[in-house]
Amino acid sequence: MSVTSRALPKTSQLRRLLQRPELSFLMEAHNGLSAKLVEEAGFEGIWASGLSISASLGLRDSNEASWTQVLEIAEFISDATTIPVLLDGDTGYGNFNSVRRLVRKLEQRGVAGVCIEDKLFPKMNSFVRGSGQQLAEIGEFAGKIEAAKAVQRDSDFVVVARTEALIAGHGLAEALRRAEAYRQAGADAILIHSAQADASEVLAFKAEWGERLPVVIVPTKYYRTPTQVFAEHGFSTVIWANHLMRSALQAMRITATRIFTEQHLRNVEDSVAPMAEVFELQDEDELAEAERRWLPRRNGGH
Ligand code: SPV
Ligand code: MG
């Protein structure tokens, strides 16, 4: 991303990612540390994943964390980085009024956008009991989108409408009907979610949908589809939704088991990040420099 683009407000950065002709990528983060690693890797935006945030808190992806607890994490993620954050706002944690509060607080906390999905509160993850998922009534969900757009103060704050029609087994026509209603309600982009192992249903959606609004996809299940296919079909944005949480889970499990079994650290020291890297990520040098400037000097200095 160019320097000029980086200097834009995060909301404008996210809007550009969604609206530009080339494919964009959002990488999952679930805390400040993972967010820093997303930016360090070169990604231009962050998906603050509900699944990953809840898993990292030791909870299910069923709104067990309260929305203000999620808000706190989203703020840590945003504070830790200079790239924009799209928060996975689940169903908006209630009705249209909850969505209004959410959007106001996200803007105050430096979060660039929110994605809300047309399921019922408390939601469950899209890959749990797939076709048992219940969808929100279409008009009620459109009202949430309208309410979100009505209260945002920064005109570039992004509201992504996510339909779970395919996940719930309602088929392409219903997915299109819902996406169109959400477009008319003012959504900035549509997220079409699918649990199929191939991309055929999201490709069919895109073919019918055309260019009405940018389309976002989450290829967690159809990960074998080459990314080039998404670019060729004119999708806006791909979300890599949970892969830092899952890689951390695996690495932590291996390390915990090894140290428990061996009762020493000799075999793990070389397979974990050096302490120096931790301090570098925390920017310890900046604090040392700030102390030189602003802490009174000892030994008689002022
Ligand atoms: C998330 O990352 O929390 C998502 C994507 O919403 S999914 O888990 O596929 O529903
Ligand atoms: Mg989610």
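Anyway, here's the lowdown on the structure attached to this text.

**Comments concerning helix H11 (residues 243-262)**
Every α-helix carries 3.6 residues per turn, so stepping three or four residues along brings you back to the same face.
Turning to step 1, where the next piece is worked out: The end-to-end C-alpha distance of H11, which contains 20 residues, comes to 28 Å, matching closely the 28 Å that a straight helix rising 1.5 Å per residue would cover.
Turning to step 2, where the next piece is worked out: Downstream of H11 by one or two residues, Gln-263 has phi in the positive range, about 55 degrees.

**Focus: a negative patch on the surface**
Turning to step 1, where the next piece is worked out: Together, Glu-40, Glu-277, Glu-280, Asp-283, Glu-284, Asp-285, Glu-286 and Glu-291 make up a negatively charged patch on the protein surface.
Turning to step 2, where the next piece is worked out: Counting only elements with at least two residues in the negative patch, the list comes to helix H12 (275-281) and helix H13 (284-294).
Turning to step 3, where the next piece is worked out: Sorting elements by how many residues they give to the negative patch places H13 first, with 4 residues.
Turning to step 4, where the next piece is worked out: The exposed category is assigned to Glu-40, whose relative accessible area is 62%.

**What about the nonpolar core?**
Turning to step 1, where the next piece is worked out: In this structure, Leu-87 and Phe-205 are the most contacted members of the largest nonpolar core, which totals 60 residues.
Turning to step 2, where the next piece is worked out: Sort the elements by how many residues they give to this core and helix H7 (residues 138-151) lands first, with 6 residues.
Turning to step 3, where the next piece is worked out: When residues no more than four places from it in sequence are discounted, the contact partners of Leu-87 are Ala-48, Val-70, Ala-74, Tyr-93, Leu-102, Leu-106, Val-111, Gly-113, Val-114 and Cys-115.
Turning to step 4, where the next piece is worked out: Counting 16 residues, the second-largest nonpolar core is a separate cluster that includes Cys-115, Val-160, Leu-191 and Ala-241.

Definitions and limits used
For every chain, the first residue of the written sequence is number 1, and numbering continues from 1 along that sequence. Numbering of ligands from 1 and lettering of chains from A proceed in the order in which they are written. The predicted origin of the model limits local features to residues at a pLDDT of at least 70 and limits the giving and counting of side-chain atom pairs to 80 or more, whereas totals for whole chains, interfaces and linings rest on all residues. Based on all heavy atoms of the structure, the side-chain values leave hydrogens and waters out of the count. A helix here means a DSSP run of H or I that spans at least four residues, while a strand means a run of E at least two residues long, and both kinds are numbered starting from the N terminus. One less than the number of residues in a helix, times 1.5 Å, gives the span that helix is expected to have. Patches here: salt-bridge-free residues with over 30% relative accessible area, like charges joined within 9 Å, nonpolar side chains (Val, Leu, Ile, Met, Phe, Trp, Tyr) joined within 5 Å. The accessible surface values rely on the Shrake-Rupley method and a 1.4 Å probe; as for residues, cover is taken only from the protein chains in view. Whenever Lys or Arg places a side-chain nitrogen within 4 Å of a carboxyl oxygen from Asp or Glu, that contact is recorded as a salt bridge. When charges are counted, Lys and Arg are positive and Asp and Glu negative, with His and the chain ends excluded. To locate a charge, take NZ of a lysine, CZ of an arginine, CG of an aspartate or CD of a glutamate. For every residue, the accessible area obtained with a 1.4 Å probe (protein chains only) is divided by the maximum for its type, and the residue is called buried under 20%, exposed over 50%, and partly exposed between those limits. In plain words, nonpolar cores are sets of buried Ala, Val, Leu, Ile, Met, Phe, Trp, Tyr and Cys residues tied together by side-chain atoms within 4.5 Å. Whether two residues touch is decided by their heavy atoms; if any such pair falls within 4.5 Å, the residues are in contact.

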